[in-house]
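So you can see what is in the structure, the chains are spelled out below.
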Amino acid sequence: MLNKTIRPEKVIQFGEGGFLRGFVDWILQITNEKTDFDGSVVVVQPIEKGMCEMLEAQNCVYTHVMRGLKDGKPTVDKKFIDVISRTVEPYKNWDSYMALAENPDFRFVVSNTTESGICFDKNDKAENAPQITFPAKVTLLLKKRFDLGLSGFVFLPCELINKNGETLKQYILDYADLWGFGAEFKAYVENENTFCNTLVDRIVTGYPRDEKIDVGYTDNMLNTSELFHLWVIEGDSEFLKELPLDKTGLNIIITDNLERYRTRKVRILNGAHTSMIPYAMLENIETVGDCMDDENMSNFVKKCVYDEIIPTLDLPSAELIDYADNVFERFRNPFIKHLCASISLNSVSKFKVRVLPSLLEYIKREGKKPEYLLTSFAKLIKFYKTDMTNDDPKVCEFMKTATVKEILANTELWDEDLSYLADDIMEKMN
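Residues numbered from 1 in each chain as written. Predicted model: local features only at pLDDT ≥ 70, side-chain atom pairs only at ≥ 80, totals over all residues. Heavy atoms only, no water.

Chemist: Sorry, what's going on with the overall build of the chain here?
Modeler: In terms of regular secondary structure, the chain is built from 19 helices and 13 strands. Radius of gyration (C-alpha) of the chain: 24 Å, near the 22 Å computed for a compact globule of 430 residues. With respect to the three principal axes, the spread of C-alpha positions in the chain is 70 × 55 × 40 Å. Counting only residues that meet the buried cut, the chain has 54% of its 430 residues in that class. In the chain, once contacts between residues fewer than 6 apart in sequence are set aside, the share between residues at least 24 apart is 73%. Here the chain displays about 19100 Å² of accessible surface, and carbon together with sulfur accounts for 47% of that area. (Helix = DSSP H or I, 4+ residues; strand = E, 2+ residues; numbered from the N terminus. Rg over C-alpha atoms; globule rule 2.2 N^0.38 Å. Buried < 20%, exposed > 50% of the residue type's maximum accessible area, 1.4 Å probe, protein only. Contact = heavy atoms within 4.5 Å. Areas by Shrake-Rupley, 256 points an atom, 1.4 Å probe, with all protein chains shown as cover.)

Next up, the structure:
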């Protein structure tokens, strides 16, 4: 059995999948190495079927492999991860899960239970063992903590929903009401616990099924990701006294305003994808990497980002340009094959959220229409006239049969009448 360093258990982690192991656990490994944190993680399997048995079979250790371009050169970085002390499976042993509440050393709770994991189910019951939802399970853990007179937790959820920390807290309070846990417990949840909103950014590609990576031992939990990482945490920096993430040298931002970083990610990273993918599909370009290798497509999407998206954002220009430079280096990652067809799913709703705000803000700030983002809009409409789309059938049918002016005037799609753009877009469709 592979050896590992024994450290005090300080973190409860809901989720054993590739993302948390390739992001949070990797970060905590480095935090142990570079600071005096000296903490380990207990992994809770949030659903009935998972990979905890596989983790336990190799003493909860594994290697994480990061691959990508660094200063334009293909780079591979490997790190042995031994930060996980053990796993707990509530569906097999509920008592072992509830026993976590008894350890005063636990201070942090991290999670990635997917976008649908932070939810509320009025049919959930306190006497269930375990409860249906992740917030319900946490509510029971906190209630026992409260009954024991122990301090609360700092929650750092990594689910990809807006205001993930605030939403988790609200659902816990909702369960407290549903189950009649009383005002004192609700005050404990509010005042003795910290719920941080966070934004995570890293492509974790998981176990490399189609290739052999030698790490010196048989590793069935081998994990892979890109090199890039970003963790934005909104909240009081007081917790850094206990978890000194600021001393790791990693790309971790503690802020009182996460929204501007979310906007940056949505408009630049996601916006770059969405502005080029319909165009790329029309040109029969297969992957994001191929887009970067195609001179015309690469120049087009860079014009979208540097000339027309960045001028609409409020962070310092140098910071935005640096982030965009990182995005395009990530797009060129030779170790990741990101299919344009898979990204093209639901392109209309993606365009509305990711690209349209930049287009409209550009007109507002610059007093003229953005040439490249309008071209992107034209390519989107042209793409939906083909049979390549993957979207709601009603959306596909309407986009395929309606005129450009009818499409732009559809307030259900765009939340406003955009028909004043029709002449410019029809010109770019020809």
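Chemist: Can you walk me through the sheet that holds strand β8 (residues 194-195) in this structure?
Modeler: Think of a sheet as strands paired side by side through backbone hydrogen bonds, with each pair either parallel or antiparallel. The 6 strands are arranged β5-β2-β1-β6-β7-β8 in an open sheet whose pairing can be described as parallel. The open sheet terminates on both sides in strands that have one partner only, identified here as β5 (84-88) and β8. Both strand β1 (residues 9-14) and strand β2 (residues 40-44) contribute to a ladder of 5 bridges, which runs parallel. Across the sheet, the residue bridging to Q13 is V43, located in β2. Packed onto the sheet, helix α2 (residues 24-34) meets β1, β2, β5 and β6 (108-111) and runs at close to 165° relative to β1. (Pairing = 2+ DSSP bridges. Axes fitted to C-alpha atoms, helices over the stretch in contact; angles between N-to-C directions.)

Chemist: Got a minute to help me understand helix α13 (residues 347-354) in this structure?
Modeler: Along an α-helix, residues three or four apart share an orientation, since each turn contains 3.6 residues. Listed as buried for α13 are S347, V348, K350, F351 and R354. Each buried residue of α13 sits inside an arc of 165° when the element is viewed along its axis, so together they form one side. Buried residues belonging to α13 abut α8 (259-282), α12 (340-343), α14 (356-366), α15 (371-383), α16 (393-401) and α18 (411-414). (Arc of directions from axis to C-beta.)

Chemist: Please explain the side chain of N32 as it appears in this structure.
Modeler: Structurally, N32 can be placed in helix α2. Looking at N32, its side chain comes within polar contact range of the main-chain nitrogen of D38, at 3.1 Å. A distance of 2.8 Å separates the side chain of N32 from the backbone oxygen of G39, its partner in a polar contact. (Polar contact = N/O pair within 3.5 Å; in protein donor to acceptor, adjacent residues only side chain to side chain.)

Chemist: Quick question: what am I supposed to make of the environment of N390 here?
Modeler: As for its placement among the helices and strands, N390 is situated in the loop between α15 and α16. The class for N390 is partly exposed, based on a relative accessible area of 43%. Separated by 46 residues in sequence, N390 and S344 have C-alpha atoms that sit 7.0 Å apart.

Chemist: I'm lost on the sheet that holds strand β11 (residues 223-225) in this one. Help?
Modeler: With respect to topology, 4 strands assemble into an open sheet ordered β4-β3-β11-β10, the strand pairing being mixed. Whereas interior strands pair on both sides, the edge strands pair on one side only; in this sheet they are β4 (73-81) and β10 (204-206). Each adjacent strand pair in this sheet contributes to an overall mean axis angle of 20°, direction not counted. Direction of pairing for strand β3 (residues 62-70) relative to β4: antiparallel, over a ladder of 9 bridges. Residue pairing across strands places K70 opposite K73, the latter belonging to β4. Lying over the sheet, α2 contacts β3 and β4, oriented at roughly 75° with respect to β4.

Chemist: How should I be thinking about the packing of aromatic side chains in this particular structure?
Modeler: One pair of aromatic rings is described through two measures. These are the centre distance and the angle between the planes. Counted according to the given criterion, the structure contains 26 aromatic pairs. When the ring of Y279 is compared with that of F300, the centres are 5.0 Å apart and the planes differ by 80°; the resulting orientation is edge-to-face. In this pair, Y279 is assigned in helix α8 and F300 in helix α10 (residues 295-309), connecting sequence segments 21 residues apart. Side by side, Y279 and F300 carry an identical accessibility label, which is buried. Of the aromatic side chains, those joined through ring pairs into one cluster are F120, F146, Y171, Y175, W179, F181, F185 and Y188. In this arrangement the basic side chain of R21 is found over the ring face of Y62, its NZ or CZ atom lying 4.8 Å from the centre. Its guanidinium or amino end placed over the ring of F181, K143 lies 5.1 Å from that ring's centre, counting from NZ or CZ. (Phe/Tyr/Trp six-rings, centres within 6.5 Å; stacked < 30°, edge-to-face > 60°. Lys NZ or Arg CZ within 6 Å of the ring centre and 35° of its normal.)

Chemist: Would you explain the pairing of strand β7 (residues 154-157) in this entry?
Modeler: Side chains on a regular strand alternate between the two faces of the sheet. The alternating pattern of β7 places V154 and L156 on one face and F155 and P157 on the opposite face, and all of these are buried. In the sheet, β6 pairs with β7 via 4 bridges, with the strands oriented parallel. Looking at β7, one finds that F108 is bridged to V154. Read as a crossover between parallel neighbours, the route from β6 over helix α5 (residues 134-148) to β7 is right-handed. Here β7 pairs with β8 via 2 bridges, running parallel. Among the inter-strand pairings, F155 is bridged to a residue of β8, identified as F195. (Right-handed = clockwise from strand over helix to strand, strands pointing away.)

Chemist: Please explain unusual backbone geometry as it appears in this structure.
Modeler: Note: most residues except glycine have negative phi, and most peptide bonds are trans. Backbone torsion omega between A129 and P130 reads 0°, so that peptide bond is classified as cis. On the secondary structure map, P130 appears in the loop between β6 and α5. Even without being glycine, N346 reaches a positive phi, approximately 55°. Along the chain, N346 turns up in the loop between α12 and α13. For N346, a relative accessible area of 28% puts it in the partly exposed group.

Nothing here speaks to function; it is geometry throughout.
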